[in-house]
2 protein chains.
Amino acid sequence: MAQKPSIPKGTRDFSPIEMARRNYIFDTIKKVFRLYGFNQIETPAMENLSTLMGKYGEEGDKLLFKILNSGDYLRGIDRDLIDSGDTNRLAAQLCEKGLRYDLTVPFARYVVQHRNEIQFPFRRFQIQPVWRADRPQKGRYREFYQCDADVVGSDSLVNEIELLQIIDDVFSRLNINIAIKLNNRKVLAGIAEFIGEPDKMIDITVAIDKIDKIGIDNVNAELIERGLSQDAVNALRPILEIDGDLEERLAKLDSLLASSSVGMLGVSELREVIDGVKAVGLKAQLDLDVSLARGLNYYTGTIIEVKAMDVQIGSITGGGRYDNLTGIFGLPNVSGVGISFGADRIYDVMNTLNLYPEELQQSTTIMFTNFGSAEAAYALKLVREVRNAGIPAEVFPDSTKIQKQMKYANAANIPFVAIVGESEIAQGKVTLKNMVTGEQKLLTVAEVIDAIK
Amino acid sequence: MAQKPSIPKGTRDFSPIEMARRNYIFDTIKKVFRLYGFNQIETPAMENLSTLMGKYGEEGDKLLFKILNSGDYLRGIDRDLIDSGDTNRLAAQLCEKGLRYDLTVPFARYVVQHRNEIQFPFRRFQIQPVWRADRPQKGRYREFYQCDADVVGSDSLVNEIELLQIIDDVFSRLNINIAIKLNNRKVLAGIAEFIGEPDKMIDITVAIDKIDKIGIDNVNAELIERGLSQDAVNALRPILEIDGDLEERLAKLDSLLASSSVGMLGVSELREVIDGVKAVGLKAQLDLDVSLARGLNYYTGTIIEVKAMDVQIGSITGGGRYDNLTGIFGLPNVSGVGISFGADRIYDVMNTLNLYPEELQQSTTIMFTNFGSAEAAYALKLVREVRNAGIPAEVFPDSTKIQKQMKYANAANIPFVAIVGESEIAQGKVTLKNMVTGEQKLLTVAEVIDAIK
């Protein structure tokens, strides 16, 4: 029976031109990662569910794609559990494996598992798809790529400075104008201390993270709802209203958080990172934003977020320092810092602004025509020489009318066609047609190679 | 709680050096695919189960990794079905999606779904992982990469000739000696006709495919078991014992199958392909093997299999022509022909024979030392110039003893170290140490770049 073919919602096919565009982005990111001394690793798409569960919060657990056990997956399963309707607990028994949700947790698992083979500080990058059972919507997919670079085993803020340079370098190569926002988790802890609510840091960060979306009044209402005193909310206000340039903001934070030692440490880390990147020079706009939290509770120091200036699309890169990510897998005290490029959002930005170089449109450089078996045999010999010269080339496989072959070459954006008929064979040449100008010339293969190069 | 980290059986992590080796293989294959005018596509890891089920036989259905539906996956499921223990039917209700099992069925689905955007003949390549719930064993993984190139929408045997050239080109670039075996499904049909068992072609091909493993006597016993007459088995013997060089084998097949028109068509196709590749020249050994069937019932013409000459590992590449793959998705009469490189077996062969180029061992080219914040700030400025020259470089992030930094550079196979101390800063230079020869020189950055390049 014929089925109407389709793919799962939230997933995508990528056509040749889409792949050329995506490869352009991935290759640019890879090239920069390598220039900065990062080495690639890969981990399996499937991880043990025990590796993934509990790492992304309760909501994250629900968004994990779980893989049904092979064979008799019902064996040993308690009927009462099935009847109870507790689908979460049941899923943990039906499924041992899940698809990775990000690259950070698999990386932490990798570091712990392979700690004896790794040279620390370990600079690794990883570019692989991740899967989330999110509700699909514009710009949000169920399968998408992350491009992560992390350094583990080093406390030095030199790493932060270099990661910010990587961000700057990648987006400047891609011609995307960006603003980089910085914050530091210790500043957030300092703020919680300063306003007299040291135990409410998470509540405070979750609420103020939304200030751009819902405004300060709604944030304040939420803070009261989360149990903060009115005094604390009042004390918070001047911090959220800090303005001016980077230096002014740092100075204001310095004086406001003077009473909190952790807060002062955060400010001093921010200052070191900002001074460091200023010294080497940065093309991107650099901002300090004390409301930036990125919702990820594993950050312990620097927090980084990148937005595109010319397209409204949310964060296109993020990152930060985490001091205890490998602790959950039994290896404490390994500090790490990393960034993650959101390749699919970057792809959307590049598409919206049409930032791809012209030559990406082309695939094969030259097509040889096919007017019969003798002509095809001749073409197959010549095309070998063209390929040996490193030029992508194809022979039209079927012997059909020249119009059909030319139409194909046109539609496939092939810039040159080598016409091979009886008279060309007799002269040991081909007629090279430039598909853009329409110009035709009788040439030897060596001349064709020269003409194309 | 600390967990002992591990990954699902049959899956693998790839370390930086392993990735360098794998990228070398993938990049070689990609480069050749592109030289031959093939364009890359990608499809999602997850396909609808309805796309995958029934395409790989009953055994294949069981080997599909199925993804548990999100949310309340028990809703609407008949309790009787759960109680029946029919885990296959139940799985089809618990799971709408599965992980792709190969690249061929997703490609067929892609062609049908996007037929209006595609230029035919469509030359596509695809390099992505596939997943099979096979019992893991040496050389067999649950996650492995396939590298496929197919042409759809063309009957011409020029495609076969070019695909064989691609195989030859890839393995000669990788320095792997190979033998390519050829057969043709029409020859197999001709054989079944010739021995008077035209309806038993599948039984015959399944049995004779094992001749290398179990010998001709066991094959004959299996044929009797599968319902062939003794006369048929006797008639088959001379065909299986055909020997000599390619020309002799073709001539013998020609005379043996003279009574079968489909058989004669198969022989003539084989001859055209063999003559074609001989005319352009092939480095690999080329064999004709009438017992070759590759178990895949969708092949309708040419069948291709590649073995490594110097390592015992089974087939490392395979392929063939299929005339109706897209028919199952509602698009009949689209002929296709393709090959699939088994990247993971090729990786095993390359590892066994140690066929990688020397320079793959290296990652970063130069490391700058770090003896404190002033030195690090100076190093960060210089390293920028080195990277701008396209040289992968890193700064040791932590200010520690020189021994520790040198030990790291050594272990990470970094060939050059730039030592940056007070006296170097005063002179505006660095001390470049060649980690292989031990030689040290005081140089400007420009001189360092020259020395490395």
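**Focus: the overall build of chain A**
And then number 1: A count of helical and extended segments in chain A gives 18 helices and 16 strands.
And then number 2: A globule of 453 residues ought to have a C-alpha radius of gyration of about 22 Å, yet chain A, at 28 Å, is considerably larger.
And then number 3: With the C-alpha coordinates of chain A rotated into their principal frame, the extents come out at 95 × 65 × 45 Å.
And then number 4: Counting only residues that meet the buried cut, chain A has 58% of its 453 residues in that class.
And then number 5: Here the contacts in chain A between residues at least 6 apart in sequence split such that 68% fall between residues at least 24 apart.
And then number 6: A total of about 18,600 Å² of accessible surface is found on chain A, and carbon and sulfur atoms cover 47% of it.
And then number 7: A gap of 6 Å separates the mean positions of the 53 positive and 62 negative side-chain charges of chain A.

**A closer look at the relation of the copies chain B and chain A**
And then number 1: With an RMSD of 0.0 Å, chain B superimposes on chain A once it is rotated by 180° and translated 0.0 Å along the axis. Classification of the inter-copy transformation places it as that of a two-fold axis. When each C-alpha of chain B is compared by its distance to the rotation axis, Ile-67 of chain B comes out closest, at 2.2 Å.
And then number 2: Of the residues that chain B buries at the interface, 100% are likewise interface residues in chain A, meaning the two copies contact each other through the same surface.

**Here's the deal with the interface of chain B and chain A**
And then number 1: Chain B puts 102 residues into the contact, and the matching count from chain A is 102 residues.
And then number 2: A buried area of about 8,400 Å², summed over both sides, lies between chain B and chain A, and 57% of it is on carbon and sulfur atoms.
And then number 3: For the interface between chain B and chain A, the tally reads eight salt bridges.
And then number 4: As a salt-bridge pair, Glu-394 of chain A and Arg-123 of chain B come within 3.7 Å of each other at their nearest N and O atoms.
And then number 5: Summed over the shared surface of chain B and chain A, the result is 35 residue pairs in polar contact (both at pLDDT 80 or more).

**A word on the sheet that holds strand E15 (residues 430–434) of chain B**
Residues and elements named next belong to chain B.
And then number 1: Strand order in the open sheet formed by five strands is E13-E12-E14-E15-E16, and the pairing between neighbours is mixed. Of all the strands in the sheet, just strand E13 (393–395) and strand E16 (440–443) have a single pairing partner and so form its edges. Across this sheet, the average inter-strand angle for adjacent strands is 25°, counted without regard to direction.
And then number 2: In the sheet, E15 pairs with E16 via four bridges, with the strands oriented antiparallel. Its bridge partner lying in E16, Thr-431 is registered against Leu-442.
And then number 3: Packing of helix H16 (residues 402–411) onto the sheet brings it into contact with strand E12 (366–368), E13, strand E14 (416–419) and E15, and relative to E14 it is tilted by some 155°.

**Describing the pairing of strand E5 (residues 122–131) of chain B**
Residue and element names in this part refer to chain B.
And then number 1: Buried residues dominate E5, accounting for 10 of its 10 residues.
And then number 2: Sheet topology places strand E1 (residues 39–40) next to E5; two bridges connect them, and they run parallel. In the sheet register, Gln-40 faces E5, and the bridge partner there is Phe-125.
And then number 3: In this sheet, strand E6 (residues 143–152) lies alongside E5 in antiparallel orientation, the contact comprising 10 bridges. Bridge pairing in E6 links Pro-129 to Tyr-145.

**Here we look at the confidence of the model for chain A**
And then number 1: When pLDDT is averaged along chain A, the result is 93, and 98% of the positions lie at 70 or above.
And then number 2: Two numbers describe this predicted complex: its pTM, 0.94, and its ipTM, 0.94.

**Overview of the side chain of Asp-344 of chain B**
Residue and element names in this part refer to chain B.
And then number 1: Turning to its location among the elements, Asp-344 is positioned in helix H14 (residues 343–353).
And then number 2: Among the polar contacts listed, one links the side chain of Asp-344 to the side chain of Arg-22, at a separation of 3.1 Å.
And then number 3: Beyond its immediate chain neighbours, meaning those up to four positions away, Asp-344 contacts Arg-12, Phe-14, Arg-22, Tyr-141, Phe-144 and Tyr-145.

**So, the packing of aromatic side chains**
And then number 1: Taken as a whole and assessed by the stated rule, the structure comprises 22 aromatic pairs over all chains.
And then number 2: With a centroid separation of 5.4 Å and an interplanar angle of 70°, the aromatic rings of Phe-396 of chain A and Tyr-408 of chain A are classed as edge-to-face. Of this pair, Phe-396 of chain A sits in the loop between strand E13 (393–395) and helix H16 (402–411) while Tyr-408 of chain A sits in helix H16, placing them 12 residues apart in sequence.
And then number 3: Exposure remark for Phe-396 of chain A: the relative accessible area of 1% places this residue in the buried category.
And then number 4: On the accessibility criterion, Tyr-408 of chain A (7% relative accessible area) is buried.
And then number 5: Every member of this aromatic cluster is reached through a ring pair, and the members are Phe-33, Phe-38, Phe-125, Phe-171 and Phe-341 of chain A.
And then number 6: Over the ring of Phe-14 of chain B we find Arg-22 of chain B, and its NZ or CZ is 3.8 Å from the ring centre.

**Brief notes about the sheet that holds strand E14 (residues 416–419) of chain A**
All names here are of chain A.
And then number 1: Read across the sheet, five strands follow the order E13-E12-E14-E15-E16 without closing on themselves; strand pairing throughout is mixed. The open sheet has two edge strands, E13 and strand E16 (440–443), and neither has a second partner. Neighbour-to-neighbour, the strand axes of the sheet open up by a mean angle of 25°, direction not taken into account.
And then number 2: Of the pairings in the sheet, the one linking E14 to strand E15 (residues 430–434) comprises four bridges and is antiparallel in character.

Conventions used here
- Residues numbered from 1 in each chain as written.
- Chains lettered and ligands numbered in written order.
- Predicted model: local features only at pLDDT ≥ 70, side-chain atom pairs only at ≥ 80, totals over all residues.
- Heavy atoms only, no water.
- Helix = DSSP H or I, 4+ residues; strand = E, 2+ residues; numbered from the N terminus.
- Rg over C-alpha atoms; globule rule 2.2 N^0.38 Å.
- Buried < 20%, exposed > 50% of the residue type's maximum accessible area, 1.4 Å probe, protein only.
- Contact = heavy atoms within 4.5 Å.
- Areas by Shrake-Rupley, 256 points an atom, 1.4 Å probe, with all protein chains shown as cover.
- Lys, Arg positive; Asp, Glu negative; His and termini not counted.
- Charge placed at Lys NZ, Arg CZ, Asp CG, Glu CD.
- Least-squares fit on C-alpha atoms with pLDDT ≥ 70 in both.
- Buried area = accessible area lost by both parts, 1.4 Å probe.
- Salt bridge = Lys/Arg side-chain N within 4 Å of Asp/Glu carboxyl O.
- Polar contact = N/O pair within 3.5 Å; in protein donor to acceptor, adjacent residues only side chain to side chain.
- Pairing = 2+ DSSP bridges.
- Axes fitted to C-alpha atoms, helices over the stretch in contact; angles between N-to-C directions.
- pLDDT = per-residue confidence, 0-100.
- Phe/Tyr/Trp six-rings, centres within 6.5 Å; stacked < 30°, edge-to-face > 60°.
- Lys NZ or Arg CZ within 6 Å of the ring centre and 35° of its normal.

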